[in-house]
Amino acid sequence: MIYELYGRLDRRQDKIKTLPSRLLNEFRIIDYDDELISSKEQATETSYQQGLEFLDMGGRENARRAYYEFGNVQDLYPNYKDVNELQREAAYLGTNQVLFVVENNSEIMLPERFEAELLKISLDDLNNRWIQYSVYENEDIQYDYFVALNINRISMSPEGLEREKYTESIEIQDGTKYVLDQKGNVMKDSLGNDIKVPNMITVSAEVQTQRQFKEATIGGSLDYIDLRTDQLVKSENIGVTAVFEHVSGAFTGDERALSDDSREIIERGTVPFPNDEFMLMDAATLLKERAKDIMYRNRELLSSSY
């Protein structure tokens, strides 16, 4: 670009101007101001017209080229003509619009809150310059792709209960006892006092635990669909399992024998099993996170400009 060339020449002269006067006199300083202004205006108009031509040609790739040409204009003259409006138009025309949708093909009725929970998925960090994700359909937008969360498998396990027993024992001190000699007499120390030692005993407790468990499994696929060609671009299997598990217990015997872990279990007590809707909502949260992971991994898949 001629403007850039004059800019380099002018910057080079600025460096020369810092030389001592005895050396500076050996150089001929040229005023490039008029050339800079003229070439800048020419470069601005050239990029502006090139951007218009790309927009007129149509298509994603040409819109993106127009966007960058209008960006060059803004770098030179930020408010040149209607360049700001034109660049916004080019950005819109060059961007692939993607709608995330949920499809229940499992033949099982899901709670009304289920889809609402899935649509709380945050996709902002998947957006880039040329791709825009949405979770709610906007009739004013012509979408290029669907990312469809296709649910085709839902299963709920029965409420499970497992019982287990184990015994814990520990040796503890239970007071003191006298030390006897071979004749059964109490032994004395050097001062004549009775000799006593800790009286150690073993105590035991039997612990009965019960483990409550229940699972909700949801499976399907995450399908990338090109709406312009009505073709499946990619499909990845997706599945999650929400697990409820609660262990509680009771004991018989000597409480002093209980370990810290056993005491914690005993203090919990039993709880009601969660209902099926609660389990499905837990699974929805997991499914939302898993879908986000897959979309993040494939975030460049839908950025093509054809």
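Nothing here was measured: the structure is a model prediction, and the numbers come from that model.

> Outline the overall build of the protein chain, listing residues and values.
Within the protein chain, the secondary structure is distributed over 8 helices and 6 strands. Order of helices (α) and strands (β) in the protein chain, N terminus to C terminus: α-α-α-α-α-β-α-β-β-β-β-β-α-α. Sorting the 306 residues of the protein chain into buried and exposed places 36% on the buried side. Considering only residue pairs separated by 6 or more positions, the protein chain has 75% of its internal contacts joining residues 24 or more positions apart. A total accessible area of about 19000 Å² is found for the protein chain, and carbon and sulfur atoms account for 47% of it.

> Describe in detail unusual backbone geometry, supporting the description with residues and values.
We note that glutamate 107 has phi near 65°; this positive angle belongs to a residue other than glycine. In this structure glutamate 107 comes out as exposed when scored by relative accessible area, which is 81%. Despite not being glycine, aspartate 230 shows a phi value in the positive range, around 55°. If you trace the backbone, aspartate 230 turns up in the loop between strand S5 (196–226) and strand S6 (231–253).

> Tell me about the environment of glutamate 53, and please be specific about residues and values.
As for its placement among the helices and strands, glutamate 53 is situated in helix H3 (residues 33–57). Residues glutamate 53 and alanine 66 lie 13 residues apart in sequence; the distance between their C-alpha atoms is 7.8 Å.

> Lay out the side chain of serine 221 with the relevant residues and their values.
Inspection of the secondary structure puts serine 221 in strand S5. Judged by relative accessible area, which is 8%, serine 221 ranks as buried. Every residue in contact with serine 221, bar those within four places of it in the chain, is listed here: Ala148, Leu149, Asn150, Ser235, Glu236, Asn237 and Ile238.

Basis of the calculations
- Residues numbered from 1 in each chain as written.
- Predicted model: local features only at pLDDT ≥ 70, side-chain atom pairs only at ≥ 80, totals over all residues.
- Heavy atoms only, no water.
- Helix = DSSP H or I, 4+ residues; strand = E, 2+ residues; numbered from the N terminus.
- Buried < 20%, exposed > 50% of the residue type's maximum accessible area, 1.4 Å probe, protein only.
- Contact = heavy atoms within 4.5 Å.
- Areas by Shrake-Rupley, 256 points an atom, 1.4 Å probe, with all protein chains shown as cover.

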